[in-house]
There are 2 protein chains.
Amino acid sequence: MSCLPTFADVERAAARIGPFAHRTPVWTCASLDRLSGARLFFKCENLQKAGAFKFRGACNAVMALPEAEARRGVATHSSGNHAAALALAARLRGIAAHVVMPASAPAVKKAAVAAYGGRIVFCAPTLEAREETLARVVAETGATFVHPYNDPLVIAGQGTAALELCQEVPHLDAVLVPVGGGGLASGTALAVAAVSPQTQVIGVEPATADDACRALQAGKLLPAGNPRTVADGLRTALGELTFALLRQHAVAVVTVSEAAIVDAMRHVWERLKLIIEPSAAVAVAALLAGAVYLPGRRVGVILSGGNVDLDRLPWPPRPA
Amino acid sequence: MSCLPTFADVERAAARIGPFAHRTPVWTCASLDRLSGARLFFKCENLQKAGAFKFRGACNAVMALPEAEARRGVATHSSGNHAAALALAARLRGIAAHVVMPASAPAVKKAAVAAYGGRIVFCAPTLEAREETLARVVAETGATFVHPYNDPLVIAGQGTAALELCQEVPHLDAVLVPVGGGGLASGTALAVAAVSPQTQVIGVEPATADDACRALQAGKLLPAGNPRTVADGLRTALGELTFALLRQHAVAVVTVSEAAIVDAMRHVWERLKLIIEPSAAVAVAALLAGAVYLPGRRVGVILSGGNVDLDRLPWPPRPA
């Protein structure tokens, strides 16, 4: 599990998940083009099954399991989009998915996993409790642990989004992706380097959760700490595999402010009429707030997910 | 201007607005199919230019004007989607659009008209002031008044959405549309009767703004009163032309509760990941709340618009 995936793995993932995943549409928007000065192509992974690109990697990992292993199920400790995606992929294969999450996790996240038939195993809200509980679940069930990003099959699966984008939109000058654990960014780097080598991959992360930016500068992995950001999918730090791939492909990483993230999210809701989550908005924020400036260029933007708690929007209600 | 439009007018409108309007996509959604028991085809007019189907009618009216009349501009007294649509259509033709609205209109509506280059003329917040101000603007400028719905060209333009839907999705059993002034509903009836006569057109309106339902039962036009509904685009009453067309085509009209409208709007945001406005949600509400029951049927749903004030969502914020 520690060897780096290659583009051949991305191609295999595309074939493997093809019958299960949506080939999501690519949208354009004249007003966001005007605001950014670039020509934008939005890959709508918010319209992917389970509402995020995470289904690609989870589905690839689940469908690649040999039958005997698959029968013992899969397990993970993410409480976000990966958990829901893994539960759905497992259901499509007819196997169990065990999801370890703190009892304090938001109700909306528990509901998403339960809706896809995942089995939730509660733990105390510490990293230690989470890892211990996961180890116990794996020991008891024989389930295969599917890491949310530091896994070659997961990374290869995430790379299929950019593969589709580059196939549909030739001659992109750049592709912008959010960076959390780095699964999407490193999978994108793999795919783009192979099918569109002249295209620059640019990662974007919140300035308050800039471990990837700092790690790549320092040349070594850094802990995430416990960053505060509205982009809740991007609070994790890079893993060994994703760090190695981002270095290997010389992916640039830029940062954006919290205000820029919320502003970009609103713009996409208002102009594209698409629901995206804050983590998906960071790449748009980089363009609108000037963290990257690509005048007249053809820029792919991966809108990574659309799972939002509509009762807790990141802008304050204003008086009527 | 008082003769009823025919299907030939819808076909002419389609040709006339073709170079300017979006041919909006038709979406499906497995989870809303499950919830409704029907097979749903969503015509995404929230993705139309200016964010609503209204651009079709306004564009048809503006582009049909003879050059001499066009040069004197157009005018209206709507403060909603029709006003923004008319401003955009006028800008595309390079003529002026004068929009009469009360000074108390929401800032977001003023901003939409201004963004498309419309000239806003403020008036006192009464029906009399609005009509007097409009008459004065027309007298001063020679502009052509484009009514938001009681106009043959506007009705014919609105009918092009259903025309596209029926062309793309054959064998529909029903098409559901929101009913406010009835421009969309009567244009839909015209188009569907011609190209898919076995398809039933069902209008949906808020129970608190049910003038169309009552008018069709009573066999005569009824005033809207001043209805309170979250579906702010549906507060108007039918006009003579739209009433006559809905009767002629025996369009059924059903009603839905305010709670059902808000619930349906949330479902579309959460499942389709599409921003729709409350007025667009009434047709979905009829399916989810059981006002119409069409098990196993193929049902078109016109998602009429997506212009929402994100600072004033119709569900209460919940404590974190």
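Residues numbered from 1 in each chain as written. Chains lettered and ligands numbered in written order. Predicted model: local features only at pLDDT ≥ 70, side-chain atom pairs only at ≥ 80, totals over all residues.

On to the overall build of chain A, then. In terms of regular secondary structure, chain A is built from 13 helices and 10 strands. For 320 residues, the compact-globule estimate of 2.2 N^0.38 gives 20 Å, and the C-alpha radius of gyration of chain A, at 18 Å, lies within 12% of that figure. If one aligns the C-alpha atoms of chain A with their principal axes, the spans along those axes are about 55 × 50 × 40 Å. When the 320 residues of chain A are sorted by exposure, 55% land in the buried category. Here the contacts in chain A between residues at least 6 apart in sequence split such that 75% fall between residues at least 24 apart. (Helix = DSSP H or I, 4+ residues; strand = E, 2+ residues; numbered from the N terminus. Rg over C-alpha atoms; globule rule 2.2 N^0.38 Å. Buried ≥ 20, exposed ≤ 12 C-beta atoms within 10 Å, placed from the backbone. Contact = placed C-beta atoms within 7 Å.)

Right, let's get into the sheet that holds strand β6 (residues 144-145) of chain B. Residues and elements named next belong to chain B. Taken in spatial order, the four strands line up as β5-β4-β3-β6 in an open sheet, and their pairing is parallel. Each edge of the sheet is formed by a strand with only one pairing partner; in this case those strands are β5 (119-123) and β6. Alignment of strand β3 (residues 74-76) against β6, held across two bridges, turns out to be parallel. Following the sheet pairing, Val-74 is matched in β6 by Thr-144. Lying over the sheet, helix α5 (residues 81-93) contacts β3 and β4 (97-102), oriented at roughly 160° with respect to β4. Each of β3, β4, β5 and β6 touches helix α7 (residues 127-141); the most contacted strand, β4, lies at about 160° to it. (Pairing = 2+ DSSP bridges. Axes fitted to C-alpha atoms, helices over the stretch in contact; angles between N-to-C directions.)

This next bit is on the relation of the copies chain B and chain A. Superposing chain B onto chain A takes a rotation of 180° combined with a translation of 0.0 Å along the rotation axis, leaving an RMSD of 0.0 Å. These values place the two chain copies in the arrangement generated by a two-fold rotation axis. Among all residues of chain B, the one whose C-alpha sits closest to the rotation axis is Leu-274 of chain B, at a distance of 2.4 Å. Comparing interface residues between copies, 100% of those in chain B also sit at the interface in chain A, which points to an isologous, same-surface contact. (Least-squares fit on C-alpha atoms with pLDDT ≥ 70 in both.)

Every contact between the two is made by 17 residues of chain B and, on the other side, 17 residues of chain A. In terms of residue class, the side of chain B that touches chain A is built from eight nonpolar, three polar and six charged. (Nonpolar A, V, L, I, M, F, W, Y, C, P; charged D, E, K, R; others polar.)

Residue and element names in this part refer to chain A. Spatially, the six strands line up as an open sheet ordered β1-β2-β10-β7-β8-β9, and their pairing is mixed. Since the sheet does not close on itself, it has two edges, and those belong to β1 (26-27) and β9 (252-256), each with one partner. Of the strands in this sheet, β7 (174-178), β8 (200-206) and β10 (298-303) touch helix α9 (residues 183-195), which is tilted by about 160° from β7. Those strands touched by helix α10 (residues 211-218) are β8 and β9, and its axis lies near 140° from that of β9.

It is worth spelling out helix α3 (residues 54-64) of chain B at this point. All names here are of chain B. Counting buried positions along α3 gives nine out of 11 residues, so the element sits mostly inside the fold. For α3, every residue scored as buried is listed here: Lys-54, Phe-55, Arg-56, Gly-57, Ala-58, Cys-59, Asn-60, Ala-61 and Val-62. Packed against the buried residues of α3 are α1 (7-17), β3, α5, α8 (152-168) and α9 (183-195).

Residue and element names in this part refer to chain A. Structurally, chain A comprises domain 1 (7-52 + 152-303) and domain 2 (55-145). Distance from the C-alpha centre of domain 1 to the C-alpha centre of domain 2: 24 Å. On the side of domain 2, 16 residues touch domain 1, which itself brings 21 residues to the contact. Secondary-structure elements contributing two or more residues to the side of domain 1 that touches domain 2 are α1 (7-17) and α8 (152-168). In terms of residue count, the dominant contributor to the side of domain 1 that touches domain 2 is α8 (eight residues). Along the lines of polarity and charge, the residues of the side of domain 1 that touches domain 2 split into 11 nonpolar, seven polar and three charged. (Domains from an automatic or database assignment.)

When two helices pack together, their arrangement is given by the angle between their axes and by how far apart the axes lie. Residue and element names in this part refer to chain A. Contact pair α8 / α9: the axes reach a minimum separation of 7 Å and the direction vectors enclose 50°. Comparing their axes, α9 and α8 come out oblique. For the crossing formed where α8 meets α9, the hand is right-handed. Side by side, α8 and α9 meet where Val-154, Ile-155, Ala-156, Gln-158, Gly-159, Ala-162, Leu-163 and Cys-166 of the first sit next to Gly-183, Leu-184, Ser-186, Gly-187, Thr-188, Leu-190, Ala-191, Val-192 and Val-195 of the second. Here the residues of the contact of α8 with α9 are counted per class, giving 11 nonpolar, six polar and no charged. (Parallel < 35°, antiparallel > 145°, perpendicular 65-115°, else oblique. Left-handed = near helix turned anticlockwise from the far one by under 90°.)

The share of residues in chain A with pLDDT of 70 or more is 98%, and the mean pLDDT across the chain is 95. The complex model carries a pTM of 0.93, and its ipTM stands at 0.90. (pLDDT = per-residue confidence, 0-100.)

Moving on to unusual backbone geometry. Negative phi is the rule for most residues except glycine; trans is the rule for most peptide bonds. Residue and element names in this part refer to chain A. In the Ramachandran plot, Ala-250 falls in the positive-phi region, its phi being about 50° despite a non-glycine side chain. Tracing the chain through its elements places Ala-250 in the loop between α11 (240-248) and β9. Given 11 C-beta atoms within a 10 Å radius, Ala-250 is considered exposed.

Among the secondary structure elements, Ala-231 of chain B is positioned in the loop between α10 (211-218) and α11 (240-248). When the C-alpha positions of Ala-231 of chain B and Pro-278 of chain B are compared, they lie 4.7 Å apart, and in sequence the two are 47 residues distant.

Another point: α10 of chain A. Residues and elements named next belong to chain A. Three or more residues of α10 are buried, namely Asp-211, Ala-212, Ala-215 and Leu-216. With its buried residues spanning 125° around the axis, α10 presents them on a single face. Of the residues in α10, the exposed ones pointing more than 90 degrees away from the buried face are Gln-217 and Ala-218. Against the buried residues of α10 lie β8, α11 and β9. (Arc of directions from axis to C-beta.)

Looking now at the pairing of β10 of chain A. Residue and element names in this part refer to chain A. Judged by how many residues are buried, β10 sits mostly within the fold: five of six residues are covered. Direction of pairing for strand β2 (residues 39-44) relative to β10: parallel, over a ladder of six bridges. Within β10, the position partnered with Phe-42 by the bridge is Val-301. As defined by bridge partners, β7 adjoins β10 across three bridges and the pair is classed as parallel. Directly across from Ala-174, in β10, lies its bridge partner Val-299.

This brings us to the environment of Leu-245 of chain B. All names here are of chain B. Note that Leu-245 resides in helix α11. For the pair formed by Leu-245 and Val-177, sequence separation is 68 residues and the distance between their alpha carbons is 14 Å. Non-local contacts of Leu-245, meaning those with residues more than four positions away in its chain, are made with Leu-4, Ile-155, Ser-186, Ala-189 and Leu-190.

Attention shifts here to the pairing of strand β9 (residues 252-256) of chain B. Sheet faces and side chains relate simply in a regular strand, where the side chains alternate between the two faces. All names here are of chain B. Counted residue by residue, β9 has four buried out of five residues, so it is predominantly covered. Of the pairings in the sheet, the one linking strand β8 (residues 200-206) to β9 comprises five bridges and is parallel in character. Among the inter-strand pairings, Val-204 is bridged to a residue of β9, identified as Val-254.

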